[in-house]
Number of protein chains: 2
Amino acid sequence: MARTERPIGIFDSGIGGLTVFEAVRKRLPGESLVYLGDSARVPYGTKSAETVIRYSLENAAFLEGKGVKAIVVACNTASALALPALSQKFDLPVLGVVNPGAKEAMAATKRRTIGVIGTSATIASDAYARALKELDSNVRVVSQACPLFVPLVEEGWTDNDVARAAAKHYLSDMHNEGIDVLILGCTHYPLLKPLIRETVGDAITLVDSAEATASALEALLGREGTRNKTSSKATYQIYVTDIPARFETVARRFLHNDLPGVRHVTI
Amino acid sequence: MARTERPIGIFDSGIGGLTVFEAVRKRLPGESLVYLGDSARVPYGTKSAETVIRYSLENAAFLEGKGVKAIVVACNTASALALPALSQKFDLPVLGVVNPGAKEAMAATKRRTIGVIGTSATIASDAYARALKELDSNVRVVSQACPLFVPLVEEGWTDNDVARAAAKHYLSDMHNEGIDVLILGCTHYPLLKPLIRETVGDAITLVDSAEATASALEALLGREGTRNKTSSKATYQIYVTDIPARFETVARRFLHNDLPGVRHVTI
């Protein structure tokens with residue numbers, strides 16, 4: 001198969017990365033996509049760097065076996081921890097969600113004070129802060145881990161008193177730190193956008209890494225000369241390492257109800 | 001090594017099973033214990049039966065390799081789903097946490113109306129309801145999945161407004177169903193006992209499966225004739241498949257600060 005026609009591989013620790021799948025499908029309708037969600041080992045956000053790197057290499061090897069022309073790491077934790085190991089091991093362009101999110105945030109900030117929220121592992125890795133400081137060493141970064149946000153989204157509690165109390169605990173301090181941009185550094189968080197908006201107010205720009213990544217992927221394929229603009233033949237494959245009871249319910253929330261067939265694999 | 005002197009193996013999906021380790025250590029001080037926490041793949045509670053069974057067989061094989069004389073499945077989800085597969089595959093007595101918890105609850109109920117709370121997978125498996133109905137076919141069982149309770153415990157939020165709001169959402173209906181006993185069907189939940197007590201009131205007996213399991217284990221070793229009462233030589237080994245950033249902090253909460261050395265293994 002010509003390199004141009006080969007699919008793009010996307011992996012995530014679970015189904016949260018479907019927000020990235022969705023953003024890429026919208027922005028690049030000519031591209032075929034292969035998604036791998038490592039739902040048997042989700043979440044990555046509470047695990048060590050060593051384990052996250054090992055899992056990421058296994059996921060990328062699966063996608064390489066599917067003949068992909070590029071790999072998108074849709075998981076913030078894996079993007080924060082595993083990009084160097086992935087680039088070293090695979091002879092394919094690898095794109096994470098951290099750098100695109102950081103670039104968009106930097107373009108939007110006027111006060112040079114940016115907030116980042118994510119899982120414990122993403123925040124502990126300091127990856128967003130490093131990416132932002134590489135773009136502008138004078139930027140101030142205020143980070144906050146929000147470990148309850150993922151279970152809240154998966155429970156479907158995005159707009160009740162529990163979610164509201166958790167958002168207040170996590171976000172009220174950040175709000176007082178003078179940030180004017182807030183990066184949603186976890187793929188699940190876009191589903192909490194209305195609640196986050198309500199908690200931090202209208203003056204703060206929310207940056208959704210999924211959309212920033214789709215746009216960065218478009219640029220990357222342009223540079224590589226592998227962009228496929230023939231939309232008629234695009235195919236979508238979704239693989240997961242586990243199909244738990246409520247998988248379809250939750251997946252449909254991420255994909256606005258348009259869910260391709262899902263296959264179960266062991267990797 | 002004489003069979004009596006061999007250690008008891010305990011496995012769990014993560015560190016929650018340390019509540020069982022702790023209860024066994026207290027009740028059977030003569031026994032050596034080997035604990036395996038599958039923290040690289042935690043949680044099991046949101047995964048499919050097939051995956052939970054596969055992981056459980058791998059965990060038990062690791063413990064068998066350590067020469068254990070019995071296996072305690074400290075994870076409620078694995079107890080609910082994997083006991084038949086484990087008993088079939090291994091030539092060792094295997095004890096889960098579901099049956100001991102059910103027996104203790106049945107002994108305590110007067111109204112024959114028992115509540116069970118646990119992870120989504122434990123509740124969906126209906127294992128407690130089946131175990132209770134085997135003991136008394138006329139018992140009424142009211143079940144409720146509480147998927148946010150584990151992340152709340154791991155965040156250390158066991159006594160704030162977020163935890164209180166979540167407990168109210170999950171437990172207020174149960175309270176109206178006329179239960180007089182509530183089984184805490186997840187190893188993490190004993191750490192939420194004060195909050196659960198506050199939410200359901202004093203009239204309801206709370207059954208902690210960890211303690212019920214330690215007592216059932218004592219009886220099992222008695223029947224097998226493998227009980228070791230020589231306490232001076234007891235050793236404790238803790239293995240985990242991942243050591244994430246906050247592991248020690250969280251583990252100490254479960255073990256009242258008395259944490260043996262922890263070794264990292266890949267299984």
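Values in this document were obtained by computation on a predicted structure and should not be read as measured data. Residue numbering note: each chain is counted from 1, following its sequence as written. Whichever chain is written first is A, and whichever ligand is written first is 1; the rest continue in order. Totals for whole chains, interfaces and linings use every residue, but because this is a predicted model, local features are given only for residues with pLDDT of at least 70 and side-chain atom pairs only at 80 or more, for both listing and counting.

### Comments concerning the overall build of chain A
Along its length, chain A carries 11 helices and 10 strands. For 267 residues, the compact-globule estimate of 2.2 N^0.38 gives 18 Å, and the C-alpha radius of gyration of chain A, at 18 Å, lies within 12% of that figure. Three classes are used. A residue is buried when 20 or more other C-beta atoms lie within 10 Å of its own, exposed when 12 or fewer do, and partly exposed in between, with C-beta atoms placed from the backbone. When each of the 267 residues of chain A is scored for burial, the buried share is 54%. The contact criterion used here is simple: two residues whose C-beta atoms, placed from the backbone, lie within 7 Å are in contact. Contacts in chain A between residues far apart in sequence, at least 24 positions, make up 78% of those at least 6 positions apart. The numbering of helices and of strands both runs from the N terminus, where a helix is a DSSP run of H or I of at least 4 residues and a strand a run of E of at least 2. Radius of gyration here uses only the C-alpha atoms, and the compact-globule reference equals 2.2 Å multiplied by the residue count raised to the power 0.38.

### A few points about the sheet that holds strand 7 (residues 181-184) of chain B
Residue and element names in this part refer to chain B. By the convention used here, strands pair only if DSSP detects at least 2 bridges between them. If you walk across this open sheet you meet the 4 strands as 6-5-7-8, and the pairing is parallel. Each having just a single partner strand, strand 6 (140-145) and strand 8 (205-208) make up the two edges of the open sheet. Averaged over all pairs of adjacent strands, the angle between strand axes in this sheet comes to 25°, irrespective of strand direction. In the sheet, strand 5 (residues 113-118) pairs with strand 7 via 4 bridges, with the strands oriented parallel. Bridge pairing in strand 7 links I117 to L184. Only the stretch in contact is used when a helix axis is fitted, and all axes are lines through C-alpha atoms; the angle between N-to-C directions ranges over 0 to 180 degrees.

### Quick look at the interface of chain A and chain B
The partner chain B presents 22 residues to the 22 residues of chain A that form the contact. When contributions to the side of chain A that touches chain B are tallied by element, the ones reaching two or more residues are helix 5 (120-125), helix 7 (149-155) and helix 8 (161-175) of chain A. When residues of the side of chain A that touches chain B are assigned to their parent elements, the largest contribution, 5 residues, is made by helix 8 of chain A. Residues that form the side of chain A that touches chain B fall into these classes: 11 nonpolar, 5 polar and 6 charged. Think of it as three bins: nonpolar holds Ala, Val, Leu, Ile, Met, Phe, Trp, Tyr, Cys and Pro, charged holds Asp, Glu, Lys and Arg, and polar takes everything else, Gly as well.

### Re the packing of helix 8 (residues 161-175) of chain B against helix 9 (residues 193-200) of chain B
Packed helix pairs are specified by the crossing angle of their axes together with the interaxial distance, meaning the distance between the axes. All names here are of chain B. The contact between helix 8 and helix 9 brings their axes to 9 Å, and the two run at 50°. The angle between helix 8 and helix 9 places the two elements in the oblique class. Note on packing geometry: the crossing formed by helix 8 with helix 9 is right-handed. On helix 9, the residues that touch A163, R164, A167, K168, L171 and H175 of helix 8 are L195, I196, T199 and V200. A class-by-class count of the residues in the contact of helix 8 with helix 9 yields 6 nonpolar, 2 polar and 2 charged. For this classification, under 35 degrees means roughly parallel, over 145 means roughly antiparallel, 65 to 115 means roughly perpendicular, and everything else is oblique. With the far helix as reference, a near helix turned anticlockwise by less than a right angle produces a left-handed crossing, and one turned clockwise produces a right-handed crossing.

### Description of unusual backbone geometry
All names here are of chain A. Geometrically, the link from V42 to P43 is a cis peptide bond, its omega value of -5° lying close to zero. Relative to the assigned elements, P43 resides in the loop between strand 2 (33-37) and helix 2 (49-65). A positive phi angle, close to 65°, is found at D126, a residue other than glycine. Position of D126 among the secondary structure elements: in the loop between helix 5 and helix 6 (127-135). C-beta crowding within 10 Å serves as the criterion here: with 14 such atoms nearby, D126 is assigned to the partly exposed category.

### Topic: the nonpolar core
Joining buried Ala, Val, Leu, Ile, Met, Phe, Trp, Tyr and Cys residues through C-beta atoms within 7 Å gives a set, and that set is a nonpolar core. In this structure, V73 of chain A together with V73 of chain B are the most contacted members of the largest nonpolar core, which totals 173 residues. Ignoring anything within four residues of it in the chain, the contact list for V73 of chain A reads F11, S56, A78, S79, A82, L83, L86, V94, L95, G96 and V97 of chain A.

### Concerning helix 9 (residues 193-200) of chain A
Residues and elements named next belong to chain A. Considered for burial, the residues of helix 9 that qualify are L195, I196 and T199. The arc that holds every buried residue of helix 9, seen down its axis, measures 100°, which confines them to one face. Summarising the contacts, the buried residues of helix 9 are in contact with helix 8 and strand 8 (205-208). Just downstream of helix 9 lies G201, where phi reads positive at about 90°. By arc we mean the arc of the directions from the helix axis to the C-beta atoms, nothing more.

### Focus: the pairing of strand 2 of chain A
Residue and element names in this part refer to chain A. Across the 5 residues of strand 2, 5 count as buried, placing the element largely inside the fold. Taking every second residue as pointing to the same face, both faces of strand 2 are buried, with L33, Y35 and G37 on one and V34 and L36 on the other. The pairing of strand 1 (residues 8-12) with strand 2 spans 5 bridges and is classified as parallel. Its bridge partner being in strand 2, F11 is matched across the sheet by L36. Here a crossover is taken to be right-handed if, once the strands point away from the viewer, the path from the first strand over the helix to the second is traced clockwise. Crossover connection from strand 1 via helix 1 (residues 18-27) to parallel strand 2: handedness right-handed. Examined bridge by bridge, strand 2 and strand 9 (residues 236-240) share 5 bridges and lie parallel to one another. From the neighbouring strand, L36 faces strand 9, where its bridge partner is Y239.

### A look at the domain arrangement of chain A
Residue and element names in this part refer to chain A. When its domains are assigned, chain A resolves into domain 1 (3-97 + 211-264) and domain 2 (99-209). Of note, the centres of domain 1 and domain 2, computed from C-alpha atoms alone, are 22 Å apart. Listed as interface residues are 27 residues of domain 1 and, on the opposing side, 23 residues of domain 2. Put simply, the parts of the chain that give the side of domain 1 that touches domain 2 at least two residues each are helix 1, helix 3 (76-89), helix 10 (209-224) and helix 11 (247-254). Taken together, the residues of the side of domain 1 that touches domain 2 sort by class into 12 nonpolar, 11 polar and 4 charged. Domains are outlined according to an automatic or database domain assignment.

### Here's the deal with the relation of the copies chain A and chain B
With an RMSD of 0.0 Å, the fit of chain A onto chain B corresponds to turning through 180° and sliding 0.0 Å along the axis. The transformation just described matches what one would write down for a two-fold rotation axis. Distance from the rotation axis, computed per C-alpha, reaches its smallest value in chain A at R41 of chain A: 2.3 Å. In this assembly, 100% of the residues forming the interface of chain A have copies in chain B that are likewise at the interface, indicating an isologous arrangement. The fit set for superposing copies consists of C-alpha atoms from residues with pLDDT of at least 70 in both; the fit itself is least squares.

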